[in-house]
Amino acid sequence: MIITVFYNKTTGVIKSIYVAEIEADFNFFGDKEEEFRLMLDKIVVDYDVEFNRNWRDYEVDLDTKTLFKKEKDENAPEIIKILKEDLILKSKENLAKYLQTHPLKSYCHNKTEGGYYNCTQEKQNSLAGLLLSHTIATNLGQEDVLTWNETEEMCEVYTLEELSQLALEMKEYVKPLVSMQQYIEATIRALNTQQELKSINIEFTDEAVENFRKQFNSTLSSRNEAPTDEVVNEIPEESTDI
């Protein structure tokens, strides 16, 4: 088994390969045979599994007419794109883990001691759906009992006012955390080298979150104090979706 390698006469870049028992000719290209004869040349090499699978990683040395493997640019756009997407996904996973392990303390139901409530995206969606379905049932004149639970506790009956308060508290609790992830994501997208991307911190530690909360609250204060025609852009207010 041999491989016929067709390559650009000027650059050595491989155009195509043909694996068979015999050497291929330019009629391999069908009605473009004459066109490719002018621009391509060919060599024949012994069959090699690695080359057959990854021939696009190779070129032909124009002087020696031999194959060599191209050095990959670690900052090639396709590599940087994959690394960016991996880091962004990891930052979202880190946010989800932080919310899972850092519940919100609220006095919406237990007015004396308060209780802890999980604020994951799943819980936010569940509460929003519960309040919506309750509103629909009430508007249709149907009786609907609202129930909810503190973290790791059994469900209890809640009032509409209690759950509405909890929903607003969840929103305010999650907002700076989501803004932190979005800030991390925007920073990642602005970088263009592996060295820069590897240096960025995507962890949601207590210290990092506290520092960002201070920055977030400071920015909100600046917005409130700024004239109505002034735009403050440091941290954009976005949806609370993770």
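I will try to describe carefully the structure that is included in this document. This one's a predicted model, so the numbers in the text were calculated from it and none came from an experiment. (Residues numbered from 1 in each chain as written. Predicted model: local features only at pLDDT ≥ 70, side-chain atom pairs only at ≥ 80, totals over all residues. Heavy atoms only, no water.)

### So, the sheet that holds strand 1 (residues 2-8)
Stage number 1. Spatially, the 3 strands line up as an open sheet ordered 2-1-3, and their pairing is antiparallel. Strands at the two margins of the open sheet, each flanked by one partner only, are strand 2 (14-20) and strand 3 (40-46). When strand polarity is set aside, the average angle formed by the axes of neighbouring strands in this sheet is 20°.
Stage number 2. One ladder, built from 6 bridges, connects strand 1 with strand 2; its direction is antiparallel. (Pairing = 2+ DSSP bridges. Helix = DSSP H or I, 4+ residues; strand = E, 2+ residues; numbered from the N terminus. Axes fitted to C-alpha atoms, helices over the stretch in contact; angles between N-to-C directions.)

### Here's the deal with the side chain of Lys84
Stage number 1. Tracing the backbone through its elements, the reader meets Lys84 in helix 3 (residues 77-101).
Stage number 2. Here Lys84 occupies a buried position and makes no salt bridge, while the nearest side chain of opposite charge, Glu85, is found at 7.8 Å.
Stage number 3. Polar contacts involving the side chain of Lys84 include one to the main-chain carbonyl oxygen of Leu191, which spans 2.8 Å.
Stage number 4. Leaving out residues up to four positions away in the same chain, Lys84 has contacts with Ile188, Arg189, Leu191, Asn192 and Leu197. (Buried < 20%, exposed > 50% of the residue type's maximum accessible area, 1.4 Å probe, protein only. Lys, Arg positive; Asp, Glu negative; His and termini not counted. Salt bridge = Lys/Arg side-chain N within 4 Å of Asp/Glu carboxyl O. Polar contact = N/O pair within 3.5 Å; in protein donor to acceptor, adjacent residues only side chain to side chain. Contact = heavy atoms within 4.5 Å.)

### So, a nonpolar patch on the surface
Stage number 1. Together, Met1, Val19, Tyr47 and Val49 make up an exposed nonpolar region whose accessible area comes to about 330 Å².
Stage number 2. Within the secondary structure, Tyr47 is located in the loop between strand 3 and helix 2 (49-53).
Stage number 3. On the basis of relative accessible area, Tyr47 is assigned to the partly exposed category, the value being 35%. (Patch = residues over 30% accessible without salt bridge, like charges linked within 9 Å, V, L, I, M, F, W, Y side chains within 5 Å. Areas by Shrake-Rupley, 256 points an atom, 1.4 Å probe, with all protein chains shown as cover.)

### A word on the nonpolar core
Stage number 1. Of all hydrophobic cores here, the largest spans 34 residues; its most connected members are Leu163, Leu166 and Ile188.
Stage number 2. Elements represented by at least two residues in this core include exactly helix 3, helix 4 (121-139), helix 5 (160-190) and helix 7 (206-225).
Stage number 3. In terms of residue count, helix 5 provides more of this core than any other element does, 10 residues in total.
Stage number 4. When neighbours within four sequence positions are excluded, Ile188 is seen to be in contact with Lys84, Leu87, Ile88, Leu197, Ile200 and Ile202.
Stage number 5. By size, the runner-up hydrophobic cluster in this structure holds 10 residues, among which are Tyr7, Ile43, Phe51 and Trp55. (Core = buried A, V, L, I, M, F, W, Y, C linked by side-chain atoms within 4.5 Å.)

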